[in-house]
Every structure is written in C-alpha cells, then in structure tokens.
Amino acid sequence: MLIAEFIFMLLMLYIGSRFGGIGLGLVSGIGLMVEVFILRMPVGHAPVDVMLIILAVVGCAAVLEASGGLKFMLQIAERILRKHPKGITFLGPLVTFLLSVMLGTGHAVYTIMPIIGDIALKNRIRPERPMAAASVASQLALTGSPISAVVACYLGKDVMQIPGLENITLVDILMVTFPATLMGVIAMSVYSNFRGKELMDDPDFKKKLDDPDFREQLKATSQTTLNEKLPREAAISVGIFLLALVLIFIIAVFPSIRTIGEGAKPISMGVVIQMVMLAFGALIVIVAKTPVAKVPNGVVFKSGMTACVAIFGIAWMSDTYFAYAMPSFKAAITDMVNNYPWTFALALFAVSVVVNSQAATAKILLPVAVAIGLPAPVLIGLMPATYAYFFIPNYPSDIATVNFDVSGTTKIGKWYFNHSFMVPGLIGVFVACLVGLLLAKLFI
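A brief report on the enclosed structure follows. (Residues numbered from 1 in each chain as written. Predicted model: local features only at pLDDT ≥ 70, side-chain atom pairs only at ≥ 80, totals over all residues. Heavy atoms only, no water.)

## Concerning helix α16 (residues 358-372)
Then, number 1: Counted at 1.5 Å a residue, the expected span for α16 with its 15 residues is 21 Å, and the 21 Å between its end C-alpha atoms agrees.
Then, number 2: Along α16, the helix axis deviates most sharply at Leu-365, where the bend reaches about 35 degrees; the proline Pro-367 sits within four residues downstream.
Then, number 3: Along α16, the positions that sit buried rather than exposed are Gln-358, Ala-359, Ala-360, Thr-361, Ala-362, Lys-363, Ile-364, Leu-365, Leu-366, Val-368, Ala-369 and Ile-372.
Then, number 4: The opening residue of α16, the one whose side-chain oxygen lies 3.5 Å from the backbone nitrogen of Ala-359, is Ser-357.
Then, number 5: Of the residues trailing α16, Gly-373 is marked for its positive phi of about 65 degrees. (Helix = DSSP H or I, 4+ residues; strand = E, 2+ residues; numbered from the N terminus. Expected span 1.5 Å × (residues − 1). Bend = angle between axes of the 7 residues up to and from the residue. Buried < 20%, exposed > 50% of the residue type's maximum accessible area, 1.4 Å probe, protein only. Polar contact = N/O pair within 3.5 Å; in protein donor to acceptor, adjacent residues only side chain to side chain.)

As structure tokens, then:
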C-alpha cells in the first residue's frame, strides 16, 4: 500500500509538472487532500519557513529590479562580456553564475541571454556553446547563493537535527557549495568550448545563410542594455543590496551578533535573512525613491511568487507522505544510503527532474535525510544534485534560451532528450557533487 501511495504522490507531481509554475503547487493540493481525507495520513508540515524566506528575498530583489538596479548590474556584466568577446564561452556562464549567486534567483538570465547570443554570433562563435552553459550555470549557482531558497532549506530547524549539523552555519555551507558549483560551471564551460561544429561549418546554419531575409535579420540584430541611461538611484540601490549581502555574511560569521539574551541560542540564519531582506528592501524604496507600484510587475517578483506557491503545495504533500511512510521505509533506505552514499544524489536528482525546483526537492527529501541520519558531509556535499530540471528541457530559462538563439544551434533535438542543455548539465552537477563531497569532508 505504501508503494501504491508513493506512486500516487509521483503521479500528482507529474500532473502538476504538465501545468508548471503555480499549477504544480495547486495540483499538489489535490494530492494532499487525498492523502489526508481518503488515505487517512496525518497532516504534515507546510514549508512556512522557506516560504517566508522566499517572500523576503523576492521582495528585496524585486524592489532592486524596479529601481533599475538589476539593469545597472546587467550593464556592468555586458561591458565585461563585450570587452572580451572571444572568451564568451567561459565568461557568459560565469556572469550568469555570479548574478544568480547575488540575487538568489536565476531569472536575471532572461535579460543577459540575448546579449550572450549576440556577442557569440558577431564573433562567429557557435552560440550554443556559451548560451546552453549560461542557462545551466544560472540554476546550478543557487546552491552557492547565501539568499537562495534551497540554501535556506538546509538551514531549517529540521535539518539541524542531523548529528554533525547542530552547529552548522551559512558560511560552512557556502565554503562547500560555492567553490563546488563554480568548479562545475568551469568544467562544463571547458566542454562547451569544443562542442559542436564551428558556426561557419555548421550545415544547418549555412543553409539558413542562403536565405537573404535571414542574412538581413543577422545584420539588424543587436541586443544591448548599454543604450539605456539609468538614473543615479539605480547604482545606489545596487550598493544597498550588496550591503545587505555583506551584513548577512557578517552575522553568519559572528553568531554572537544574533545571540540575544543570556543563555539563548543564536537566531536562525533563515530568520536573519528574512529580517535583513525586508529591511534593506525598504531602504531601497526610501533612498532610491523606488515606485512601489512597479515592484509586482517585474520578472523577479512574478517568478518568485510562482515558486512560492509551487513549493507550498509540493512540500506539504510530500512531507505528509514521508512522515507517514518513513517508519516502514527507514531500514531499507538507511542500509542503501549507508552502503552507497551517492544513491542519495540519485534521489535528489530524480525528484528535481519531476518538480522543477531545488528548494522543493530539498523540502521533499531533507526529512528523509533526517530520518535515516544521513552523514552531514554527504548531505551538504550533494546539495548541487537538487538541480536536475535541465534533464527535461521544459524549464522557462532553457526554453527562453532556445528562442533567443537566432542561429538555431541551441535546440531541443529530434529525440527530445538530446538537447543542448543535457551534457553541460550532467557535467556541471557531477563535478559540483564530486568537489562538494571532497570539500565537505574537510570543512563539515
């Protein structure tokens, strides 16, 4: 019966994934009601802590976007890319990686991706090389971001029950995940530099060049953010946002700052992130004179709120099932993971493919890790495996990247799975997990 109920939960996730976004969370609500009122499972815990962090971070980042600060950051990135066009295959993914680390979301990629494609095309570099890697890098970076939802999951109260993680800090996690994911990005960029035929030798591209309309389109195409003059407040808002990140890092490094009251435990870093993001979002509004009416209309706010609803339904439904089923599954899962720790990475990977969210993947499987007593270095080292939704090319950033590549070299492929993001994604996640496990043994 437990296996049948597990298959039902996967079916709900699959049906929800067909709708995507908010639909994924709402369909999970149907699964939750069936679990509770028909299958008679005790109600699990809703992911309130993660949702609050998402709300706070998205609120601050959305204010940054509305103030022009995000575009200011993108202009800096574009200047770097255009100054070194021949290195676009390496610099493009590094730029999207760093933007995601700073913003805690990968959705800034929509603005920078056409620029990466434009630079590659004008320098006769196969656009697929930097563009596919840049799309993957923008998502792989999230486990190395101090303000991402997936990192917040690993700082939650439930995870702190794992022996060896009682005193884990944000800095401890980032000492593992940031260099691990960075190495993953570099590894896939090296591969990407040699993938596919050279642009002018590609038969499909040469065939397109025979069309005079296509040749004119290439001449007319010039994607840039540099033509737009931004107000002084845009730079100010970026400074305030970066100051917020620095403050979070300082509070994480010195627990005494967040220890209030004699004999009290330090305030959770999840709570600290919420407070800092809310406060500094307000500072951007006040100092940079940001029109708050523009905030809900930006890409960051819409995508963040969508993720919040999706995680709400997914995590609540899955927590209800695993809390109910774990007493029966614990022995078998514990033996498997203890003998072959890497199998937990496969579980993270498989769930991520279905739910299209690193935070939701973490919320689904972290209770399992707690129940089986997964070793702390393994848990932290395998964090990059929460990103696997490149496997099926239906994630918005991947679809957008395909559409942004006017050369047609970045594509889904005739067999669906032989798409441009598959090999970079596999290389990036594999290298990041390998490096992560090595670093976690040293630092955790």
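Alright, that's what it looks like, and here's the rest.
## Some remarks on the environment of Ala-345
Then, number 1: By the element assignment, Ala-345 lies in helix α15 (residues 343-355).
Then, number 2: A relative accessible area of 13% places Ala-345 in the buried class.
Then, number 3: Here the alpha-carbon distance between Ala-345 and Lys-411, two residues 66 residues apart in the chain, equals 27 Å.

## Some words on the nonpolar core
Inside soluble globular proteins, nonpolar side chains tend to come together where they are buried.
Then, number 1: Counting 131 residues, the largest nonpolar core has Ile-112, Tyr-154 and Met-277 as the members making the most contacts within it.
Then, number 2: For this core, the element with the most residues is helix α3 (residues 48-66), which contributes 13 residues.
Then, number 3: If we skip the residues at most four places from it in the chain, Met-277 touches Ala-56, Val-57, Cys-60, Ile-147, Ala-244, Leu-245 and Ile-248. (Core = buried A, V, L, I, M, F, W, Y, C linked by side-chain atoms within 4.5 Å. Contact = heavy atoms within 4.5 Å.)

## Topic: helix α6 (residues 109-122)
Then, number 1: End to end, α6 covers 20 Å across 14 residues, agreeing with the expected 20 Å (1.5 Å per residue, within 8%).
Then, number 2: For α6, a buried count of 11 out of 14 residues is recorded, marking the element as mostly surrounded by other parts of the structure.
Then, number 3: Where α6 is concerned, the buried positions are Val-109, Ile-112, Met-113, Pro-114, Ile-115, Ile-116, Gly-117, Asp-118, Ile-119, Ala-120 and Leu-121.
Then, number 4: One or two residues past the end of α6 sits Arg-124, with phi positive at roughly 55 degrees.

## Quick word on the layout of surface pockets
Then, number 1: By volume, the largest pocket is sized at about 690 Å³.
Then, number 2: Considering the residues around the largest pocket, the lining is formed by 37 residues, among which His-107, Ser-303, Ala-307, Asn-356 and Tyr-395 are closest to the centre.
Then, number 3: Counting only elements with at least two residues in the lining of the largest pocket, the list comes to α1 (2-19), α3, α8 (149-154), α14 (299-339) and α16.
Then, number 4: Here the lining of the largest pocket gets 7 residues from one element, more than from any other, and that element is α14. (1 Å grid on protein atoms, 1.4 Å probe; cavity = no way out; pocket = protein on both sides within 12 Å on 5 of 7 lines; lining within 4 Å. Points joined across faces, edges and corners; volume = space filled by probe spheres on them.)

None of the figures reported here should be taken as evidence of function without further support.
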